[in-house]
Amino acid sequence: MKTIKKQKTRIFKTAMLTLFAVLLSTFTTITAQNDPVRLGFIPLTDCSPIVMAKELGLFKKYGVEVVVTKESSWANVRDKILTGELDGAHCLYSMPFSVYTGVGGKAGSEMMIAMMLNVNGQAITLSNDFCGKVGFKQMNKVTPVVAAKLKAEKEVTFAMTFPGGTHDLWLRNWMSIAGLNQKAVKIITIPPPQMVANMKVGNMDGYCVGEPWGGVAVKQGVGFTQIASQDIWKDHPEKALVVNKEFSSKRREDLKKVMKAIMEACIWLDNPVNRKKAAAIIGRAPYVNAPADVIESRLMGDYNLGCNQGVQVYAKDYMLFHKGGTVNYPRKSYAIWAMAQFVRFGYLKEAPNYKAIADKLILQDLYEEVAKSMKVKVPNDDMKPFSLTMDKTVFDPSNPAAYLKVVKR
């Protein structure tokens, strides 16, 4: 009898513990679902889709509470996404691949791309030391002027914002097109909002970063625009909505709501009438903290180049956020191109498993589900060969090795 009683007691305790575990798990899940979504951004003009989705009440429209926070650097964004302190962020599209391959973080760390946020709108800014010696898009003059500066000063320094990030890739492609050996110069990492101040005190001779920090350098008389990134590659991929892996799986429905709100903000931003309003809002201190007129002019495609070079007007290839859905589609071919650059420029000694990594980190099926629900056209051009605007070398995403054999280093 005692044995039977003990067995019943154990069974009861086990059942109660199981019930408690189920209730605790359910409570935790419900609590997590009710938590606000935390999205970060770096003070750049192309954070606009997230900021405007918040300011226009679009997150609320789609039934999700979102807290938007300004972050200090891309490394900070990386760390917070990986730890789950942030559910997602406005992010360099190539960062997840840089981190996963060990170029810009601990190899194997997974950050997921849900959708793209914009194309174009970055620039190479040179200090006034180059003024009158290298003009706008005068690529043939870059190397001789740098060589002369190296001879006189022993060191020339350029800055980008994250190893293997988009600004790093545009800078190194710019050097390649100009025939400048990247090993001849020093390349440093500086957070975007600190670029102008660092150039002002002579810490670098040039930098690649997103707007408005190219335009701000011109306004402050610190430097001039030598080239815009869209001149290097028209409609190049730039920022993405990058999310925490666990968030993307456990709160899939909330992520879809976030994506819908951001998609609508992207559509709103591509209406030129709305850009003046957007510039005034994102220029405020809690966001980009930069002059609204600088943000607006470059958002509208009107680039005061500085150094008495006049104004360059971009009519169709300025910063775009939607373009009928062609902007927002996260292409695996662009991921493969970015990883091929890591090999090209010596970050990786061996080629990674390009396609497998792209398949793992890009939530393409999720994007297609969201796009179709919003009647946004999904492009059919992924994995097709393409070339950059200035570098005509054909890149076939199905055969990166062939590209690497012929492209300039």
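These figures come from a predicted structure and were not determined experimentally.

Visitor: Any details on the packing of helix 2 (residues 48-55) against helix 13 (residues 272-282)? Residues and values, ideally.
Guide: Where helix 2 meets helix 13, the axes come as close as 11 Å, and the angle between the chain directions of the two elements is 90 degrees. If you check the angle between helix 2 and helix 13, you find them roughly perpendicular. Together, Ser48, Val51, Met52 and Glu55 of helix 2 and Ala278, Ile281 and Ile282 of helix 13 make up the contact between the two elements. The residue makeup of the contact of helix 2 with helix 13, split by class, is 5 nonpolar, 1 polar and 1 charged.

Visitor: Quick rundown of helix 13? Include the residues and the values.
Guide: Among the residues of helix 13, those classed as buried are Asn274, Arg275, Ala278, Ala279, Ile281 and Ile282. Projection of helix 13 onto a plane perpendicular to its axis shows the buried side chains occupying an angular sector of 160 degrees, all on one side. Exposed and oriented more than 90 degrees from the buried face of helix 13 are Val273 and Lys276. As for helix 13, its buried residues are in contact with helix 2, helix 12 (252-269) and helix 14 (292-299).

Visitor: Residues and numbers for the sheet that holds strand 10 (residues 239-244), please.
Guide: The strand order 2-1-3-10-4 describes an open sheet built from 5 strands, whose pairing is mixed. Strand pairing shows two members of the sheet lacking a second neighbour, strand 2 (66-70) and strand 4 (111-116), which therefore form its edges. The average angle at which neighbouring strand axes cross in this sheet is 35 degrees, direction not considered. The pairing of strand 1 (residues 37-41) with strand 3 (residues 88-92) spans 2 bridges and is parallel.

Visitor: For the sheet that holds strand 5 (residues 122-127), give the residues involved together with the corresponding values.
Guide: Strand order in the open sheet formed by 5 strands is 7-6-8-5-9, with mixed pairing between adjacent strands. Across the chains shown, the open sheet's two edge strands, defined by having one partner strand only, are strand 7 (186-189) and strand 9 (223-228). Strand-to-strand twist across the sheet, computed as the mean angle between neighbouring axes with direction ignored, equals 25 degrees. With 4 bridges joining them, strand 6 (residues 157-160) and strand 7 adopt parallel strand pairing. Counterpart to Met160 in the pairing with strand 7 is Thr189.

Visitor: Kindly report on the state of the cysteines, identifying the contributing residues and their values.
Guide: Within this structure, the stated rule accounts for 1 disulfide. In this model Cys131 forms its disulfide with Cys307; the gap between the sulfur atoms is 1.9 Å. Disulfide Cys131 to Cys307: torsion about the S-S bond roughly 100 degrees, handedness right-handed. With Cys131 in the loop between strand 5 and helix 6 (142-153) and Cys307 in the loop between strand 11 (302-304) and strand 12 (311-313), the pair connects residues that are 176 residues apart, well separated along the chain. Cys131 gets classed as partly exposed once you look at its relative accessible area, which sits at 30%. Not part of a disulfide, Cys47 finds its nearest cysteine sulfur in Cys266, a span of 12 Å. Cys91 carries a free sulfur, and the closest cysteine sulfur to it, the one in Cys47, is 13 Å from it.

Visitor: Would you mind going over the pattern of salt bridges in detail, with residue names and values included?
Guide: Scanning all chains against the criterion turns up 27 salt bridges. Linking Glu85 and Lys80 is a salt bridge whose minimum nitrogen-to-oxygen distance equals 3.8 Å. By relative accessible area, Glu85 is classed as partly exposed at 47%. Among the ionic pairs, Arg251 bridges to Asp254, the shortest N-O distance being 2.8 Å. For the pair Arg251 and Asp254, one class covers both residues: buried.

Visitor: Can you explain the environment of Asp317? Please cite residues and give values.
Guide: Along the chain, Asp317 falls in the loop between strand 12 and helix 15 (332-344). Distance from Asp317 to Val222, taken between C-alpha atoms, is 26 Å for residues 95 residues apart in sequence. If sequence neighbours within four positions are ignored, Asp317 has contacts with Asn120, Gln230, Lys234 and Asp235.

Visitor: Can you break down the environment of Ile357 residue by residue, with the values?
Guide: Within the secondary structure, Ile357 is located in helix 16 (residues 354-361). Taking the relative accessible area as the measure of exposure, Ile357 reaches 7% and is therefore buried. Along the sequence, Ile357 and Glu110 sit 247 residues apart, while their C-alpha atoms lie 9.6 Å from each other. Contacts of Ile357, omitting those with residues within four sequence positions, involve Phe97, Tyr100, Thr101, Met339 and Pro352.

Visitor: Explain the pairing of strand 5 to me, and be specific about the residues and the numbers.
Guide: Taking burial as the measure, the 6 residues of strand 5 include 6 buried ones, the bulk of the element. Of the two faces of strand 5, the one holding Gln122, Ile124 and Leu126 and the one holding Ala123, Thr125 and Ser127 are both buried throughout. Bridge analysis of strand 5 against strand 9 gives 5 bridges, and the strand direction is antiparallel. Directly across from Ser127, in strand 9, lies its bridge partner Gly223.

Visitor: Explain the nonpolar core residue by residue, including any values.
Guide: Ranked by size, the top nonpolar core spans 129 residues in total, and within it Phe97, Phe158, Trp174, Leu241, Ile262 and Trp337 carry the most contacts. Of all the elements, helix 12 adds the most residues to this core, at 10 residues.

Visitor: Describe in detail unusual backbone geometry, supporting the description with residues and values.
Guide: Glycine aside, the phi torsion of most residues is negative, and most peptide linkages are trans. A cis amide bond links Glu211 with the next residue in sequence, Pro212, at an omega value of 15 degrees. Residue placement: Pro212 occurs in the loop between strand 8 (206-210) and helix 9 (213-219). Backbone geometry at Lys323 places phi at a positive 50 degrees, although glycine is not the residue there. Note that Lys323 resides in the loop between strand 12 and helix 15. Lys323 sits in the partly exposed class, given a relative accessible area of 39%.

Visitor: Just give me the short version of the environment of Glu238, but keep the residues and values in it.
Guide: Relative to the elements of secondary structure, Glu238 occurs in the loop between helix 10 (229-232) and strand 10. Along the backbone, Glu238 and Leu117 are 121 residues apart, and their C-alpha atoms lie at a distance of 7.5 Å. The contact partners of Glu238, leaving out residues within four places of it in the chain, are Asp46, Cys91, Leu92, Tyr93, Met116, Asn118, Val119, Asn120, Gln122, Thr166, His167 and Trp170.

Cut-offs applied
- Residues numbered from 1 in each chain as written.
- Predicted model: local features only at pLDDT ≥ 70, side-chain atom pairs only at ≥ 80, totals over all residues.
- Heavy atoms only, no water.
- Axes fitted to C-alpha atoms, helices over the stretch in contact; angles between N-to-C directions.
- Helix = DSSP H or I, 4+ residues; strand = E, 2+ residues; numbered from the N terminus.
- Parallel < 35°, antiparallel > 145°, perpendicular 65-115°, else oblique.
- Contact = heavy atoms within 4.5 Å.
- Nonpolar A, V, L, I, M, F, W, Y, C, P; charged D, E, K, R; others polar.
- Buried < 20%, exposed > 50% of the residue type's maximum accessible area, 1.4 Å probe, protein only.
- Arc of directions from axis to C-beta.
- Pairing = 2+ DSSP bridges.
- Disulfide = S-S within 2.5 Å.
- Salt bridge = Lys/Arg side-chain N within 4 Å of Asp/Glu carboxyl O.
- Core = buried A, V, L, I, M, F, W, Y, C linked by side-chain atoms within 4.5 Å.

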